[in-house]
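Chain by chain, the residues run as shown.
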Amino acid sequence: MAMQTGCCSAAPAVLLLLVVAAAGASVAGATYVRYKDHKQPIQARVEDLLGRMRIEEKIGQMTQIERHNASSAVIEKYFVGSVLSGGGSAPSEKASAATWQEMITKMQKAALSTRLGIPILYGIDAVHGNNNAYNATIFPHNVGLGATRDPDLVKRIGRATALEARATGIPYTFAPCVAVCRDPRWGGCYESFSEDTKLVQLMTSAVIPGLQGDVSSKHPRGVPFVGGTKHVAACAKHFVGDGGTHHGISANNTVLSFHDLMRIHMPPYYDAVIKGVSSVMISYSSWNGVKMHENKYLITQILKEKMHFRGFVITDWQAVDKITTPPHKHYYHSIQETIHAGIDMVMIPFDYPEFVADVQAQVMRGAIKMDRINDAVSRILRVKFAMGLFENPFPEHSLTGQLGSKEHRELAREAVRKSLVLLKNGKGRKDGKPVLPLSKKAKKILVVGTHAHDLGLQCGGWTKSWQGQSGNGITGHGTYLPPSPPRLSFTHLLVVDYCTYEYDAGTTILEAIKSAVDKKTIIDYSEHPDKGNVSKNEDEYDYAVVVVGEHPYAAAAGDNLNLTIPGPGPEVIRKVCELVKCVVVLVSGRPLVVEPYLDTMDALVAAWLPGTEGHGVADVLFGDHGFSGKLPRTWVRSVDQLPMNYGDKLYDPLFPFGFGLTTKPADRS
């Protein structure tokens, strides 16, 4: 009895403990979510999250919209998976790094407030530095980096670009462009490292680890890799053959055998996949008449299956619309074709309500298979998990000082001086002696040309806006040059489409020359000199530096069937070089036709599109460093020879691929 009594009296306490324990287990079960556990394998997290998602949440992950539309309400309603800034799209004029971070934080909070709390992936075209951001370091475009033949330099630039993107809170960049440009008439040619596949491969294998971090030799092939919050997810583009279109026309047809497509244009993508690239962007162009965005064979069977790519495939800007003529015709069908071809994320900046509704309707009626949706979403989630976005969804405030840092500007300056290619140095003129390096102690020099004192022209396209702009003067017309002394520092204002933009005060080539020469040296500067005035003073000038070239452009707007030096460049060359010993510095995204003026020049330098750090040009002109750059492209005599590339049977260029005179640093002892 006593035993029984004791047993009965203990029962309530034991029962209470069991109830509490069960409740605790229930709470633990409710709070533990496998996909949020960073200790779990990525694939297990992907599968767990995918199994919890509704169809509208899956479609949301496949949708990338422009930041203009990315209000908290839109992100929450459509479960938006990704947001981008188009070229020139910033939160405000002269937005600071902190302002960018505030905008992205607000978007991220909206995404995290949804049922499953999947963070957004914010992307931007940081193609030569974080070029949309005010005060960013602008590096030379890829064509100039190809001239350096320096993969270590390119890797360091990738790392710096990643830091400057992260400084603004951005974890994803639509770079690098790994196109093999086979025809310089293409407006996107400056985004290509070279016409030579092996050189493009070399640079691809360097820049992706710079952007994403070094992948371990044990890392599974094709699986995306991002090495923490100081790196970004990269995007190899534009798959495949964008640099091989007929006559170099943007988004045109690339007519090649399968063998030649694989031999010339595909190898950089193998390297990108091996280095763990996170995403691949598809080209607007076609291959043998089939639009790349609906080419299931190349996207799914080759890239995803044969090459074992496990990241996600993304469209170009509104590209689903553009597989038909006119664009957006039969849009419902276009969506079906592109998604079944293997597209995972759709860049649909503005028409996202229509896209989401159409995809959902097609899934419901079986026109788009659920397996394809699940594969697309799995790939997107895999990248988000791989880059630690669930653990670190918000920008790091400690990185804001990386934007335009002194260290990065010095790196850009190094890149500029290594990218310059010396094409002529004194041969055929009077005494025939080398003109370069120039003397810093000249009594009087002449600096002329549209590109001598213009950061916008110096940087080219994809700088502050998609197409880039001129950076001279308050109104964009004429030139304002502040009162002299050696180092000029001022801000360039642009007027484009009736809006005023402001360039970060980098260093123009004129400013760099002023900084390099002796303080007693007199510098006459004119954007478009009068021949009479030059003639009157020709005996007083020790030499002239003529800086001319192309105006900024990007993509189709830069397609050019004649490749002549834009006016008034030829006129300025003739006016000055016929009277004064001259060095012509050509600022361009590709080789231009220079043979008609070559005999007039004493020296010719291909400066490509050097970016904000004009000091790098002066470093080499004045012999602080020697010329070392080599042509990444064949320099033809005329467009009649195009297409002409290194290795062709008929090869008679003005300057061959790999050409470049070298000089030693000046002896100032």
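Residues numbered from 1 in each chain as written. Predicted model: local features only at pLDDT ≥ 70, side-chain atom pairs only at ≥ 80, totals over all residues. Heavy atoms only, no water.

Enquirer: Before we go on, may I ask you to explain unusual backbone geometry in this structure?
Expert: Glycine aside, the phi torsion of most residues is negative, and most peptide linkages are trans. The peptide bond linking Ala175 to Pro176 adopts the cis configuration, its omega dihedral lying at 10°. Position of Pro176 relative to the elements: it lies in the loop between strand E4 (172-173) and helix H8 (197-212). Geometrically, the link from Phe239 to Val240 is a cis peptide bond, its omega value of -15° lying close to zero. Residue His328 is not a glycine yet carries a positive backbone phi of 80°. As for its placement among the helices and strands, His328 is situated in the loop between strand E10 (312-314) and helix H12 (331-341). Look at His328 and you get partly exposed, because its relative accessible area is 29%. (Helix = DSSP H or I, 4+ residues; strand = E, 2+ residues; numbered from the N terminus. Buried < 20%, exposed > 50% of the residue type's maximum accessible area, 1.4 Å probe, protein only.)

Enquirer: Got a minute to help me understand the side chain of Asn295 in this structure?
Expert: In this structure, Asn295 sits in the loop between strand E9 (290-291) and helix H11 (296-306). Its relative accessible area of 7% is what places Asn295 among the buried residues. Looking at Asn295, its side chain comes within polar contact range of the main-chain nitrogen of Leu298, at 3.0 Å. If sequence neighbours within four positions are ignored, Asn295 has contacts with Trp287, Val290 and Ala341. (Polar contact = N/O pair within 3.5 Å; in protein donor to acceptor, adjacent residues only side chain to side chain. Contact = heavy atoms within 4.5 Å.)

Enquirer: Explanation requested: the layout of surface pockets in the structure shown.
Expert: Here the idea is plain: a probe the size of a water molecule rolls over the atoms and shows the empty space left. Space inside the largest pocket adds up to approximately 730 Å³. Tyr284, Asp316, Trp462, Trp466 and Ala555 are the residues nearest the centre of the largest pocket, which is lined by 34 residues in total. Residue composition of the lining of the largest pocket, grouped by class: 16 nonpolar, 11 polar and 7 charged. In this structure, the second largest pocket is lined by 21 residues; those nearest its centre are Arg182, Leu256, Arg263, Ile264 and Asn645. Broken down by element, the residue count for the lining of the second largest pocket peaks at 4 residues, all from helix H9 (residues 258-265). Partitioned by chemical class, the residues of the lining of the second largest pocket number 5 nonpolar, 8 polar and 8 charged. (1 Å grid on protein atoms, 1.4 Å probe; cavity = no way out; pocket = protein on both sides within 12 Å on 5 of 7 lines; lining within 4 Å. Points joined across faces, edges and corners; volume = space filled by probe spheres on them. Nonpolar A, V, L, I, M, F, W, Y, C, P; charged D, E, K, R; others polar.)

Enquirer: Just to check I follow, could you spell out the sheet that holds E10 for this structure?
Expert: Strands belonging to one sheet form pairs held by backbone hydrogen bonds; the direction of such a pair is parallel or antiparallel. In spatial order, the strands read E5-E7-E10; together these 3 strands make up an open sheet with parallel pairing. The sheet terminates laterally at strand E5 (235-239) and E10, the two strands that pair on one side only. Across the sheet, the mean angle from the axis of one strand to that of its neighbour is 25°, orientation sign disregarded. One ladder, built from 4 bridges, connects E5 with strand E7 (residues 279-282); its direction is parallel. Each bridged residue has a counterpart across the sheet, and for Lys237 the counterpart in E7 is Met281. Together, E5 and E7 form the strand contacts of helix H10 (residues 267-274), whose direction differs from that of E5 by roughly 155°. (Pairing = 2+ DSSP bridges. Axes fitted to C-alpha atoms, helices over the stretch in contact; angles between N-to-C directions.)

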